[in-house]
Structure formats: structure tokens, C-alpha cells
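As a plain string of letters, each chain reads:
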Amino acid sequence: MKVHMAASCVRMFEKDGEFYAGFEFVEDLRTYRHRHKDRYLYLGSLLLLFGISLMIALMRAESVICFKYNALLYSYSLVAALFLLSRYAFGALYRPVKINPDFKPSVTIIIPCFNEETWIRRTILSCMNQYYPADKLEVIVVDDCSSDRSVEVIKETIEEIKSSVGERLRVNNRLSYIVQEKNAGKRAALCRGVDVAKGELVIFVDSDSFLDPYAVINLVQPFQDPKMGGVAGRTDVANTYTNSLTKMQAVRYYIAFRVMKASEALFDTVTCLSGPLSCYRKEIVKKHEEDWLNQRFLGHKATFGDDRAMTNFVLKNHRTYYQDTAICSTIVPNQQKVFLKQQMRWKRSWLRESLMAGEFMWRKEPFAAVNFFIGLLVPILAPVVVVYNLFYVPFTQHIFPTTFLVGLLLMSLMMSIAQLFFRKSTTWYFGFLFCLYYEIVLLWQMPVAWVTFWKSTWGTRMTPSDVKEKEKKEKIVQIAQIGTVVVYVFLILHSTVGEYVKLMKKNIRKEAKRKDKLKKQKYAKKKRELKRRKKRQ
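Definitions and cut-offs
- Residues numbered from 1 in each chain as written.
- Predicted model: local features only at pLDDT ≥ 70, side-chain atom pairs only at ≥ 80, totals over all residues.
- Heavy atoms only, no water.
- Patch = residues over 30% accessible without salt bridge, like charges linked within 9 Å, V, L, I, M, F, W, Y side chains within 5 Å.
- Areas by Shrake-Rupley, 256 points an atom, 1.4 Å probe, with all protein chains shown as cover.
- Salt bridge = Lys/Arg side-chain N within 4 Å of Asp/Glu carboxyl O.
- Helix = DSSP H or I, 4+ residues; strand = E, 2+ residues; numbered from the N terminus.
- 1 Å grid on protein atoms, 1.4 Å probe; cavity = no way out; pocket = protein on both sides within 12 Å on 5 of 7 lines; lining within 4 Å.
- Points joined across faces, edges and corners; volume = space filled by probe spheres on them.
- Nonpolar A, V, L, I, M, F, W, Y, C, P; charged D, E, K, R; others polar.
- Buried < 20%, exposed > 50% of the residue type's maximum accessible area, 1.4 Å probe, protein only.
- Contact = heavy atoms within 4.5 Å.
- Arc of directions from axis to C-beta.
- Axes fitted to C-alpha atoms, helices over the stretch in contact; angles between N-to-C directions.
- Parallel < 35°, antiparallel > 145°, perpendicular 65-115°, else oblique.
- Left-handed = near helix turned anticlockwise from the far one by under 90°.
- Pairing = 2+ DSSP bridges.
- Phe/Tyr/Trp six-rings, centres within 6.5 Å; stacked < 30°, edge-to-face > 60°.
- Lys NZ or Arg CZ within 6 Å of the ring centre and 35° of its normal.
- pLDDT = per-residue confidence, 0-100.

As a further point, take a nonpolar patch on the surface. Together, Tyr429, Leu433, Leu436, Ile440 and Val441 make up an exposed nonpolar region whose accessible area comes to about 430 Å². Looking at where Val441 falls in the secondary structure, it is placed in the loop between α15 (430-440) and α16 (445-452).

Our focus in this paragraph is empty space enclosed by the protein. Tallied over the entire structure, the rule returns three cavities of 30 Å³ or more. Considered as a void within the structure, the largest cavity measures approximately 60 Å³ in volume. Lys186, Leu190, Phe204, Asp206, Gly275, Ser278, Tyr280, Trp292, Asp306, Asp307 and Met310 are the residues that line the largest cavity. When contributions to the lining of the largest cavity are tallied by element, the ones reaching two or more residues are α6 (186-196), β9 (277-281) and α11 (306-315). Looking at the lining of the largest cavity, the element that brings in the most residues is α11, giving three residues. By residue class, the composition of the lining of the largest cavity is five nonpolar, two polar and four charged.

Here we take up the environment of Pro383. Turning to its location among the elements, Pro383 is positioned in helix α13 (residues 366-397). Owing to a relative accessible area of 3%, Pro383 belongs among the buried residues under this scheme. Separated by 165 residues in sequence, Pro383 and Asn218 have C-alpha atoms that sit 39 Å apart. Not counting residues up to four positions away in its chain, the partners in contact with Pro383 are Leu443, Trp444, Met446, Pro447 and Trp450.

Time to look at unusual backbone geometry. Phi is positive for Cys145, which is not a glycine, with a value near 55°. Inspection of the secondary structure puts Cys145 in the loop between β4 (137-143) and α5 (150-165). Phi at Lys424 is positive, roughly 55°, even though this residue is not glycine. Looking at the secondary structure, you find Lys424 in the loop between α14 (402-423) and α15.

What α16 keeps buried is the set Gln445, Met446, Ala449 and Thr452. Buried residues in α16, looked at end-on, bunch into an arc of 135°, giving them a common side. Packing partners of the buried residues in α16 comprise α12 (336-361) and α13.

The next subject is the side chain of Thr427. On the secondary structure map, Thr427 appears in the loop between α14 and α15. For Thr427, a relative accessible area of 4% translates into the label buried. With near-sequence residues (within four places) excluded, Thr427 lies in contact with Thr240, Tyr241, Lys247, Val251 and Gln419.

A few words on the packing of α13 against α16. Running from amino to carboxyl end, α13 crosses α16 at an angle of 120°, the nearest separation of the two axes being 9 Å. With respect to their mutual orientation, α13 and α16 come out oblique. For the pair α13 and α16, the crossing hand works out as left-handed. Facing Pro379, Ile380, Pro383 and Val384 of α13, the residues of α16 in contact are Met446, Pro447 and Trp450. For the contact of α13 with α16, a count of residues per class yields seven nonpolar, no polar and no charged.

Moving on: the sheet that holds β4. Remark on secondary structure: sheet strands pair via backbone hydrogen bonds, oriented parallel or antiparallel. The sheet built from eight strands is open, its strands ordered β5-β4-β3-β6-β9-β8-β12-β7 with mixed pairing. Looking along the sheet, the strands with just one partner apiece sit at the ends: β5 (175-179) and β7 (209-211). Pairwise comparison of adjacent strand axes, ignoring direction, gives a mean angle of 30° for this sheet. As paired strands, β4 and β5 are joined by five bridges and run parallel to one another. Looking across to β5, one finds that Val139 is bridged to Leu175. Each of β3 (107-113), β4, β5, β6 (201-205) and β7 touches helix α4 (residues 120-128); the most contacted strand, β7, lies at about 20° to it.

Another aspect to go through is the packing of aromatic side chains. For any two aromatic rings, the description comes down to two numbers: the centre-to-centre distance and the angle of the planes. Taken as a whole and judged by the stated rule, the model has 20 aromatic pairs. Considering the side-chain rings of Tyr253 and Phe257, the 6.5 Å spacing of their centres and the 25° angle between planes classify their relative orientation as stacked. Of the two residues, Tyr253 and Phe257 both sit in helix α8 (residues 244-265), four residues apart, roughly one turn of that helix. Their ring planes at 75° and their centres at 5.0 Å tell us that Phe421 and Phe422 sit as a pair that is edge-to-face. Over the ring of Phe210 we find Arg122; its NZ or CZ atom is 3.9 Å from the centre of that ring. One cation-aromatic arrangement involves Lys261 over Phe257; the distance from NZ or CZ to the ring centre is 5.2 Å.

Next up on the list: the pairing of strand β2 (residues 18-25). On any regular strand, side chains alternate: one points to one face of the sheet, the next to the other face. Alignment of strand β1 (residues 7-15) against β2, held across eight bridges, turns out to be antiparallel. Opposite Ala7, over in β2, you have Phe25 as the bridge partner.

Under the counting rule described, the total for this entry stands at 13 salt bridges. One salt bridge connects Asp306 with Lys186, and the closest N-O pair in it is separated by 3.7 Å. Here Asp306 is found in helix α11, whereas its partner Lys186 is found in helix α6, with 120 residues between them in sequence. Within the structure, one salt-bridge network assembled from shared partners comprises Arg234, Asp236, Asp324 and Arg423.

What follows covers the confidence of the model for the protein. Detailed conclusions should not be drawn from predicted coordinates in areas where pLDDT is low. Taken over all residues, the pLDDT of the protein has a mean of 87, while the share at 70 or more is 92%. Confidence, read as mean pLDDT per element, is least for helix α1 (residues 29-36) in the protein (70) and greatest for β6 (97).

Each pocket or cavity is described by its volume, and for the second largest pocket that value is around 2,300 Å³. Around the second largest pocket, the lining is made up of 50 residues, and of these Glu27, Asp28, Arg30, Thr31 and Thr325 lie nearest the centre. Counted by class, the lining of the second largest pocket contains 22 nonpolar, ten polar and 18 charged residues.

Structural data, given as C-alpha cells:
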């Protein structure tokens, strides 16, 4: 493609009779290509988004007309539609903070690792391979007592880096690893890294996430605002094309970050600085370290949802932001069983931390506060509304839920077209499939989360809580097995004793009949004897 881009000459010199010049362009080639790629597709998706939004608005006008017939239901539909449309609108208005070449604070990347021998090498390499001053970038890997070969892989990777570029890039002083004495959880591993970190900013990176070379330089830019406490980067799916499940997740991830988090960033109130890539001021993390480590909810120790929990500590007194140009990619589940466990864990942590955030979110900017509480109520009430529209109304009023289904269809299409508009991706139509999957499967996890959100098991990896839960389940299974054996033996004994009793009763009846028969025979014989005697006389 042809490139037309403004540039300024930053350096010029002569060598061997030839002139050389260095130019600084206003943006990198990748960004330029993304902006100018498929312009007709961009225009078409924009028109489709406008048309879908207009149709949703017209459908909600019906809710206003019919409001008097069912105030609660139509209030929910109006609020939910306005909430989702506003998210897309604010997401479109969002702009990331541009790079200031003079702003490069010292940074420490902390990678907590537990049984990630497959991906940890790639993660470490991506964290080291950053477009950032070497003397201001530190990387610390904290292994949480893995039971696989993670520690060996970490050692091998660090030695490999040190032997290849160690002296030139001063790796010896800025790349290290720590091995926990016992498995204490992800939060403990992160805090261990924070305790020895040298940078004024700390970046948390999951052990199965891989940073773009420009991730760090972009991620730190919002911290030019002294009130900024934390920033989240964008997380893409690394294994998008594995199967249909990963493709659906790829669309969901992009919309969740580029639309949902971006809309929150307009008000500096991003409610979740996601685990794969997030950055905090070190002094804020240190201030809340003990509370974060020892967080409990309803008497249970909180072992997951660490990103939302830390975000709450930061957001209470500081600003939080989303930087779309700070990109990482992560490995997502490609099996239904693992994916469903992950989603259940996320719903539990979302519900728990959202309830806790409600204590201070009302003090934030009014529009941000209203959006937060609407965003909390809409998903919680969604299962009730779906049951009412798809089951109660058709079976009691004998009315087919056409309007409701068309509304779901339009919302699903909006997600897919938004993916096409923002990213121009070939997987855009999987957004529609994900919405259907959500309504059929994932939505019904919410009622379960209502009554189990205090649980502390991960479900997808064997943390100490999961080990205890597994042992508890094994004991229950053993008790159930013993109970089954006891019941089985009881039934056998009961059946055997029953048969024996029946046989005894039968024999007694036979004996009684025999004796009765003999008695009758004796009586008849005696009677005959008496008759003979009378005849003789």
C-alpha cells in the first residue's frame, strides 16, 4: 500500500560523499495501515451500526407506549437498551493517551507463575523485548511453588537471555526470579515481587500473556496525570483460530476492552484493571498490600478476582484508565468445561467486588456512578427477565415473544458489527454466535453465582483452595460410597431376612395345617369308634 504520512527530519549527516537523513513520522506504520485498511468496509459497518441503533431506538419507543401495561418490565428494557447504546457511543468517543517521548518512568514487570511451563518462556521474552529504556525496565518472575517444570523453564530462559545479550543490555541487574517456599496464591506472589521491585510503577502480567513490543511505553503514558492510580492495557486472544469457542472469545474480549472499558475510561473509572496486563503506582499497591492479601468476604478468604480487588483499592481514591494502544495477547480456554469454570469464577468475583465497589462508586462523577449501578443491576436481573419473556408470557398469555427475540438479535448484531467497525476482523460474525451462546448457556450461571459467590476455588487450576475443595469432595464421595454399600447390605439383609421370615411363616402355616388335619383325623377316628361301640351295645 502507498503511504502518505507527515514526518520531520531529526538528523542529517554526510558519509563518503553521500547524505543520510533520519525522519520521525507522526505515527508508526502499523497504526497507519490499520487506519487506512478497508475504508469501504469501515463505511459499510458504520452505516450498519447506525441502522441497528436506530431500530433499537424505535423498538424502545414501543416500550414507552406500552409502559403503563407493565412498568417494571418496560423500565428494565428501556434502561438496558440505553445502557448498552451509551457504552457503544462512549466507546466510539474514546481516544488513548498519545506517547510523550520524554515521559519514561522506571517500571518493574512482575510475572506470577504457577504450573505454566508451556507459556512462561514466551511471556518472559515478550516482557524483555520492549521498546523502552533498558535502565528503566525491570522484570521479576515469581514462581508460586509450581509442581511442573516451570522453575526449570524460568531458569533456562533467564540464562539464555543473559548469555546472549546480558552485558550489552545489562540484563543481570534487571531480570530475576523468585521461587515461593510454598503455594500461597497469586496475590502473595505478586506482593512478593512488589516488595523487591525497584520501579516507581509496577506492571502485573499473567504467565500466559504475551506483550506487544510497544506495550510498556504506551501503558505508562496515562500516569502523566498525577491523580492516575492504575491503567489497564488491551488483551487480545493469542489462540483465536483454535476452534469456534476461541473465536467467540476473541470477539468478546475485543468488545469488552475496546467498547466497555473504553467507555469507562472517558470518566477515569475503569472498574477492572484486568490481570493479563495492568499497571499501578507502586506506593498505592504497597499501601493496600495487607488488606489485599488478607481480603475476606462473608468469612471466606478471597483467592481469585485479585485484579478487581486491587482495582477497588485504587479506584476508591484515585483515577483508573484504559490504554487501547498497550496490547497483550493471552491464551484462552479451548474446551467447554474449562471455559465454563472460568466464567463461573469471573461471575463470582464480579458480583463480590461490584458489591464492595458500590460503597464508594456513588461518590464518583454522577454519570459514571449511574452507569456503574445500572451495569450491576442489568446482568443480575437478566435471567429473571429472560424467563419472564421466553416462558411466562408465552405459556400464560399465549403471545409469541417476537419483540424480545428481535431485540436480542439486534444487540447480537451490534456486537458483531462493532467488531467489524473497530477491528475489521474476519471473525466478526462470531460475536453474534457468542451472544446466542451467552443467552443459552452463560446467562444461567448468574443465578448460581448469586448463591455461591463466596466460594474461593479457581476450578481451572489446583490452588490450595481447590485442593481442599477436592479433598472435601473426595470425602463426600467416600461417605456416599460407604453409605451406598451400607444401604446395599441393608437391602440384601432385609431381603434375605424377609424371605426367611416368609419361609418360616409358610412352614408354620403348613405345620399348623398338618396338626389341624391330624387333630381332625383323630377326632373322626374317635367318633367312628364311639359309633361302633354304640352299635355293639
